[in-house]
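Summary of structural features
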Amino acid sequence: MPKATVVVPVYNVEKYLEKCVDSILAQTEPDFELLLVDDGSTDGSGRLCDKLAEKDGRVRVIHQKNQGLGGARNTGIQQAQGDWLLLVDSDDWIEPQTLEKTMEAGLREEADLVMFAYRSVDEGGRILQTYMENAPKDRGLPLEQQPALLLTSPSACIRLYRRELLERTGILFPPRVWYEDMRTTPKLLAEALKWHAPVREIAVTADVPLPPLPEAGGYVLPYADSPLDDERVGESVYLDILSHAERYVRIFTPYLILDETMVMALTFAAKRGVDVE
């Protein structure tokens, strides 16, 4: 069995996919499998997945009917054979030592999650933003000792996950909804027994097209069940997160902290008359 599984959901990203895959196959840690989940692409992305798989035996392709970004990630997670999971968006690329350094940190600290930085660049390669969480670096942290870790970015693509964490909790991404990572990452963060705070010098690079292209990132309007309405979607997201309210409150109460996620969740619950006791 491979040490790690890299999951890449693919939907209409023919322009970006090969660069993404090349960055994964160039990892200094060679013992991994790459799952390309073609989520009903209508351009040439599905055919490109098959072509890329012919070049490297570590690549597996799964073709499925459209289930949205969350559903495609779930398919990859459920098919994964590696002990560690890395979720990479198909219009991103990763640094060569990403798997090596994050797995090394996770094993050394016996962590469920390993976090790292990301950069945003334009199509010319110009760096627009570099982002790393303001947290103690390069060491394992039990969540109860560092509850502010729950306030970190919900992006699913800036962490390495121990597969046992997802198996133990049964937490998956909701299919065909807006902000699937906001609905999922806070739950995983609350359930992780131990984190490894940001690993220096490792970054995911997100290609930000200038000007914005409708297909950029793949998962745009076709993946929502209805047009985007900020308040309605926000309400749905935060009520979803309430399923882990007890865990949040138990972590934060000793520190008299309640993060914005839970404040918003409880606000929406109060409006709807939802019982969260």
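Analysis parameters
By convention here, each chain's residues receive numbers from 1 onward along its written sequence. Where totals are concerned, whole chains, interfaces and linings use all residues; where local detail is concerned, this predicted model gives features only for residues with pLDDT of at least 70, and gives and counts side-chain atom pairs only at 80 or more. Excluding hydrogens and water, the side-chain figures rest on all heavy atoms present in the structure. Note on conventions: DSSP H or I runs of at least 4 residues are helices, E runs of at least 2 residues are strands, and numbering of each starts at the N terminus. Working rule for contacts: check all heavy atoms of both residues, and any pair within 4.5 Å makes them a contact. For accessible areas, the Shrake-Rupley method is used with a probe of radius 1.4 Å. Any residue's cover is judged against the shown protein chains and nothing else. The classification of residues rests on relative accessible area computed with a 1.4 Å probe and restricted to protein chains. Under 20% of the type maximum is buried, over 50% is exposed, and intermediate values are partly exposed. Starting at the helix axis, one direction is taken to each C-beta atom, and the arc is that of these directions. Criterion for a salt bridge: a side-chain nitrogen of Lys or Arg within 4 Å of a carboxyl oxygen of Asp or Glu. Working definition of a nonpolar core: buried Ala, Val, Leu, Ile, Met, Phe, Trp, Tyr and Cys residues. They are joined through side-chain atoms within 4.5 Å. Pairing between two strands requires that DSSP report at least two bridges joining them.

Broken down by element type, the protein carries 9 helices and 10 strands. Of all intrachain contacts in the protein linking residues separated by at least 6 positions in sequence, the fraction that spans at least 24 positions is 81%. Accessible surface computed for the protein: about 12600 Å², of which carbon and sulfur atoms make up 51%.

What follows is about helix 2 (residues 45-55). Along helix 2, the positions that sit buried rather than exposed are Ser45, Gly46, Leu48, Cys49 and Leu52. Take helix 2 and look down its axis: the buried residues cluster within an arc of 155 degrees, on one side only. Across helix 2 from its buried face, at more than 90 degrees, point the exposed residues Arg47 and Glu54. Packed against the buried residues of helix 2 are strand 1 (4-10), helix 1 (14-25), strand 2 (32-39) and strand 3 (59-64).

We now examine the pattern of salt bridges. Side-chain pairs of opposite charge can arise where the charged atoms are in close proximity. In the structure shown here, the tally under the stated rule is 13 salt bridges. When the shortest N-O distance is used, the salt bridge between lysine 3 and glutamate 29 registers 3.6 Å. Residue lysine 3 is located in the segment before strand 1, and its partner glutamate 29 is located in the loop between helix 1 and strand 2; the two are separated by 26 residues in the primary sequence. Given a relative accessible area of 12%, glutamate 29 falls into the buried group. The salt bridge partner of arginine 162 is aspartate 112, with a shortest N-O separation of 3.8 Å. Here arginine 162 is found in strand 9 (residues 159-162), whereas its partner aspartate 112 is found in the loop between helix 4 (98-109) and strand 6 (113-121), with 50 residues between them in sequence.

What follows concerns the environment of lysine 15. Within the secondary structure layout, lysine 15 lies in helix 1. With 30 residues separating them along the chain, lysine 15 and serine 45 place their C-alpha atoms 8.5 Å apart.

Counting 26 residues, the largest nonpolar core has Val6, Val8, Leu17, Ile24 and Leu34 as its most contacted members. Elements that contribute at least two residues to this core include exactly strand 1, helix 1, strand 2, helix 2, strand 4 (84-87), helix 4 and strand 6. Of all hydrophobic cores here, the second largest spans 24 residues; its members include Ile77, Leu165, Ile171 and Leu189.

Here we come to the pairing of strand 7 (residues 127-131). In the sheet, strand 6 pairs with strand 7 via 4 bridges, with the strands oriented antiparallel. Across the sheet, residue serine 120 finds its bridge partner in strand 7, namely glutamine 129. A loop of 5 residues connects strand 6 with strand 7, the two strands running antiparallel in sequence, and glycine 125 in this loop sits at a positive phi of about 90 degrees.

Another aspect to go through is unusual backbone geometry. Trans is the common state for peptide bonds, and a negative phi is the common state for residues other than glycine. Phi is positive for asparagine 12, which is not a glycine, with a value near 55 degrees. Its place among the elements puts asparagine 12 in the loop between strand 1 and helix 1. You will see that glutamate 110, though not glycine, has its phi angle at about 55 degrees, which is positive. By relative accessible area, which is 61% here, glutamate 110 ends up exposed.

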